[in-house]
Amino acid sequence: MDRPTSLIGKTAGGAYICTDWELRVTARCLDEDLNASENADFDTILGLEIVKAFVKDRATQPTGSKRINPLSSGQEVWRLGYGHDHRGATFYDEDEAVIWLTAYGRHRSGASDDFFPYCKQLDAESRLLPTQQDIARMYRDRDRRFVNAVTIEAPLALKAARETEGEYCCTIGGELGAGLAIEVIEELEATSITVAFRPAAGGPLTTVTMEQGQVLLQSLTCGKWGMIGRMPSRDLEPDEVAFTITLVAGEVA
Amino acid sequence: MSATTSTRVVRVPEETHNEATQVAALRQVQAGELLAEAWREYMENHRKEFAADLEQVAKLLRDGTLEQLAEFTSRNADARAAKAIERLNSKRRSPDARAEKDATSEDSKERIHA
């Protein structure tokens, strides 16, 4: 996934970046439970006790020891506790490598506003789990991080590839595992650049978008890239896609 | 497609398979050959679209801001998020599995009661 190492342990937009996942808070929880803007950046809520507990407990462990159940949604939601009565609910989406804080409240046994009945009510109303808008915001944050990183890293990768014999492999934007091969075609006074990329964290190619690939290609060198079925020295892996461009002498950045 | 071309298996919707098989039979070719031809047509039809997107990215890199480039990258964020929600919904545990797991939690005194 898109977690440049320089961001680990830091906030970035609506996320707190951990080694293997990111922490986020749903818009509903931000607005209704934490009294923050539903688009609040993570650094603006870091001072809240339950958010401190969220970071402390979930930065290294994706789930807690106690589930909140039964829930009509059928999803696994985990209890997060801080102090005597601060309680939160967290949801781990392993496929997206994200842990959501989905609700916060005070635990007062028997009280009408006790956290656990509140949590179940939210679940019954289909308001406990992250929504499409929450996930879309996560994607936008990730794409912003990717773009910021790729525009810096791609030219460096291209330079390294030109100094490497054979294929140069690297991770770009924390998200794309890329193999770059540069060939000089002397008779045409041209240079061919071929790039194969795949998700840096493994998994299916569906976790990479065409737009990310296009930004990578044009950040390497602007021009008319075309899809290709193999790298110069090897076949593609099943989770790879490759593109190539041929530039006349002097056009390579 | 020549007889020596290597082939790979891909799953297609049954309806697509049936229609491709029927049309291929009428044209006296293999269904796979027909699908390969359809794929070449798809690539040809989308080449201009792909090139236009690349040109847009190049323009944003040249004249735009990183924020605009990020907006382009996220242009399908809502559709991707809708698919993610579908995936999450499909992963809901069945009531039977849920009951079994909840009972396990209750036994281990980890259940949180309302």
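In the block above lies the structure referred to throughout.
First, a word on what this report is: a plain description of the structure on this page.

Quick look at the overall build of chain B
Counting secondary structure elements, chain B contains 5 helices and 0 strands. Taking all 114 residues of chain B together, the buried fraction comes to 20%. Expressed as a percentage of contacts within chain B between residues at least 6 apart in sequence, the contacts between residues at least 24 apart total 10%. Approximately 8700 Å² of chain B is accessible, and the part contributed by carbon and sulfur atoms is 51%.

Comments concerning the packing of aromatic side chains
Using the criterion set out here, one finds 7 aromatic pairs over all chains in the structure. Ring centres of Tyr16 of chain A and Phe42 of chain A lie 5.9 Å apart, and the angle between their planes is 45°; on these two criteria the pair is classed as tilted. Of this pair, Tyr16 of chain A sits in strand 2 (residues 15-17) while Phe42 of chain A sits in the loop between helix 1 (27-33) and helix 2 (49-58), placing them 26 residues apart in sequence. Taken together, the aromatic side chains of Tyr16, Phe42 and Phe54 of chain A make up a single cluster linked through ring pairs. When the ring centre of Tyr139 of chain A is taken as origin, the NZ or CZ atom of Arg80 of chain B, which lies over that ring, is 4.3 Å away.

A word on the side chain of Arg58 of chain A
Residue and element names in this part refer to chain A. Structurally, Arg58 can be placed in helix 2. One buried charged residue, Arg58, forms no salt bridge at all, with the nearest opposite charge on Asp57 at 4.8 Å. Sequence-distant contacts of Arg58, defined by excluding residues within four places in its chain, comprise Trp21, Leu23, Ala53, Thr63, Gly64, Trp78, Arg79, Leu80, Thr90 and Ile99.

Side note on the nonpolar core
Soluble, globular proteins show a tendency: their nonpolar side chains are buried together. Among the nonpolar cores identified, the biggest contains 32 residues, and Leu180, Val195, Phe197, Val215, Leu216, Leu220 and Trp225 of chain A are the most heavily contacted of them. For this core, the elements supplying multiple residues, two or more each, are helix 4 (132-162), strand 7 (167-172), strand 8 (176-185), strand 9 (190-199), helix 5 (210-220) and strand 13 (241-248) of chain A together with helix 2 (31-63) and helix 3 (66-73) of chain B. Broken down by element, the residue count for this core peaks at 7 residues, all from helix 4 of chain A. Once you skip the residues sitting within four places of it in the chain, Trp225 of chain A turns out to touch Ile193, Val195, Leu217, Gln218, Leu220, Phe243, Thr244 and Ile245 of chain A together with Phe50 and Leu54 of chain B.

Definitions and cut-offs
- Residues numbered from 1 in each chain as written.
- Chains lettered and ligands numbered in written order.
- Predicted model: local features only at pLDDT ≥ 70, side-chain atom pairs only at ≥ 80, totals over all residues.
- Heavy atoms only, no water.
- Helix = DSSP H or I, 4+ residues; strand = E, 2+ residues; numbered from the N terminus.
- Buried < 20%, exposed > 50% of the residue type's maximum accessible area, 1.4 Å probe, protein only.
- Contact = heavy atoms within 4.5 Å.
- Areas by Shrake-Rupley, 256 points an atom, 1.4 Å probe, with all protein chains shown as cover.
- Phe/Tyr/Trp six-rings, centres within 6.5 Å; stacked < 30°, edge-to-face > 60°.
- Lys NZ or Arg CZ within 6 Å of the ring centre and 35° of its normal.
- Lys, Arg positive; Asp, Glu negative; His and termini not counted.
- Salt bridge = Lys/Arg side-chain N within 4 Å of Asp/Glu carboxyl O.
- Core = buried A, V, L, I, M, F, W, Y, C linked by side-chain atoms within 4.5 Å.

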